[in-house]
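What the coordinates show
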Amino acid sequence: MERSSFFVQVALVLLACACGAGGDLGREGGGAGEASGGPSTSAAGAGGGPSSSAAGAGGGPSSSATGAGGGLGPHVAEPSTPTRGGTMTFTNIGAPGWWPRRIDREPGDPACDYKDGSDTWGGHCCMTEHPTTSDKLAPFDEEMTLIMKAIRVKQLAVYQPGGDPAAWQMVSSWDARSGVGSNLLVTEGQTTSADFTGDLTKKDCVTYFMQDKPFSCGDGKDYYCPDDPGVMHLGWAGSKLVVFLASMTFGDADVERCDGGGQGHPGPWVAFVASELIRDGGRKWNGLCNCYSKTGTVGDGCGEINVFEVVMDNNEHSNREFMSTGVRSYQEGHVGGSVCGAGCDREAFADDVEVVDACAQEAYEKGPVIEAGGRSDGCPTWRRPIGDRYFMILLDEAQRAIQVAVFHPERIPSAAAEMLPDLPGRLSRSAIDAMISMRLPE
């Protein structure tokens, strides 16, 4: 990602990027897909919008692919060399604190107690300190929006606790066999639809996934209301589980720029971010007026998780064959986010390896644990998968934990067997606990 002096001076909070040193191997780049951004009222990604002709991959319609509360049913996966799977477990997540929130007040209003100045494009920026007393995942207990780029998706499901405390329900879903989301809207540029092709590898556009329920921000005096209908939908608040079947295998040269202007950025990126962050008036690119950071140096604000990011920024931290996972918020600023940079060789690891220690240059024999405010089991990072995988991120208030996992379709661990490959409409609380307890490989 090109970093001009403008970004160095005013947009450290613009990008999800804490690119400074972090151990011998540095830190993750922070949004390979972020080069496509801009003001939300203009082209924040033009062309290639979701199409109502979505056919999807992996076979024709199935009677089991009913979606959401009815579940999705199993999907045929592309054959590839089976791997042992991997997890990264983030513990001790959540703490009382605050982040800067943009609100719509006149210059000089005393509510502008964090900032009373200009946004990235010269408009007025009023921000206030927004506190929380929660320690249950905070700030990740707030609404969150899923972001993807440069990945080919076949199934996607979101689960959350329902009225029955002993069960989690599928609340949103999409399947390539039908191509239509259930309580799931997809926004690319200025196009928002429940229809989705699943293939995000043709252009480097940033794509947002939200519920189909509208978000109401009132008159903007206490929560900023952007003129951007594409992101004015609810994210997922509280505990949540996102799982999707997808592939990151494609030719880099086949990826075009989002605006159609030549070669695009081919780095896959999956992020789960505070919905407030994309409602800043620039979909996260309004670096001078968003909630990403309260110090201007790291993402110590309203919360972002780079769930899976292939860092391809043409620097020593980059390597197309590995993925990074990092958690950012006011609690600690940056947790995890190790990269296996230019010195890493994919072939140095066995074919069945999924998660590796970038510092020790060794494969893990047991899934690493990273404690917010505490120790980390080395410098965990992922080998970029070849072929289909189930990718998962689970955020649980009860255990104050975030579990990130990668499963090969032919080697589903017993702890995830209630969920995969059937993706049923309901999961027991015991299944959630079992998945948080996974330490893959075992």
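Below is a short write-up of the structure. (Residues numbered from 1 in each chain as written. Predicted model: local features only at pLDDT ≥ 70, side-chain atom pairs only at ≥ 80, totals over all residues. Heavy atoms only, no water.)

Quick notes on the overall build of the chain
Helix and strand counts for the chain come out as three helices and 22 strands. Sequence-distant contacts in the chain: of pairs separated by 6 or more residues, those separated by 24 or more amount to 72%. Put simply, the chain shows about 15400 Å² of open surface, and 50% of that area lies on carbon and sulfur atoms. (Helix = DSSP H or I, 4+ residues; strand = E, 2+ residues; numbered from the N terminus. Contact = heavy atoms within 4.5 Å. Areas by Shrake-Rupley, 256 points an atom, 1.4 Å probe, with all protein chains shown as cover.)

Things to note about empty space enclosed by the protein
Inspection of the entire model under this criterion finds four cavities of 30 Å³ or more. In this structure, the largest cavity occupies an estimated 70 Å³ of space. Contributing to the lining of the largest cavity are P100, R101, R102, Y223, Y224, E276, R279, D280, C289, N290 and C291. Ranked by residue count, the leading element in the lining of the largest cavity is strand β2 (residues 97-103), at three residues. Each residue belonging to the lining of the largest cavity can be placed in one class, and the counts come to five nonpolar, one polar and five charged. There is about 50 Å³ of room inside the second largest cavity. Along its surface, the second largest cavity is lined by F140, V327, R328, S329, Q331, E332, G333, H334, V335 and A372. Counted by class, the lining of the second largest cavity contains four nonpolar, four polar and two charged residues. (1 Å grid on protein atoms, 1.4 Å probe; cavity = no way out; pocket = protein on both sides within 12 Å on 5 of 7 lines; lining within 4 Å. Points joined across faces, edges and corners; volume = space filled by probe spheres on them. Nonpolar A, V, L, I, M, F, W, Y, C, P; charged D, E, K, R; others polar.)

Here's the deal with the sheet that holds strand β4 (residues 124-132)
Judged by pairing direction, the sheet is antiparallel, and its three strands sit side by side in the order β2-β4-β3 without closing on themselves. Here the strands that pair on one side only, and so sit at the sheet edges, are β2 and β3 (115-118). In this sheet, neighbouring strand axes are inclined to one another by 30 degrees on average, regardless of whether the strands run parallel or antiparallel. Inspection of the sheet shows β3 paired to β4 by four bridges, in the antiparallel sense. Within β4, the position partnered with K115 by the bridge is M127. (Pairing = 2+ DSSP bridges. Axes fitted to C-alpha atoms, helices over the stretch in contact; angles between N-to-C directions.)

A few points about the nonpolar core
Within the largest apolar cluster, 45 residues are counted, with the highest numbers of intra-cluster contacts made by M148, F244, F272, I305, F308 and I402. Look past the residues within four positions of I402 in its chain and what remains in contact with it is M88, T89, F90, I93, L137, F140, I305, V327, I393, L394 and L395. One finds A157, F407, I436 and M438 within the second-largest nonpolar core, a separate group that totals 24 residues. (Core = buried A, V, L, I, M, F, W, Y, C linked by side-chain atoms within 4.5 Å. Buried < 20%, exposed > 50% of the residue type's maximum accessible area, 1.4 Å probe, protein only.)

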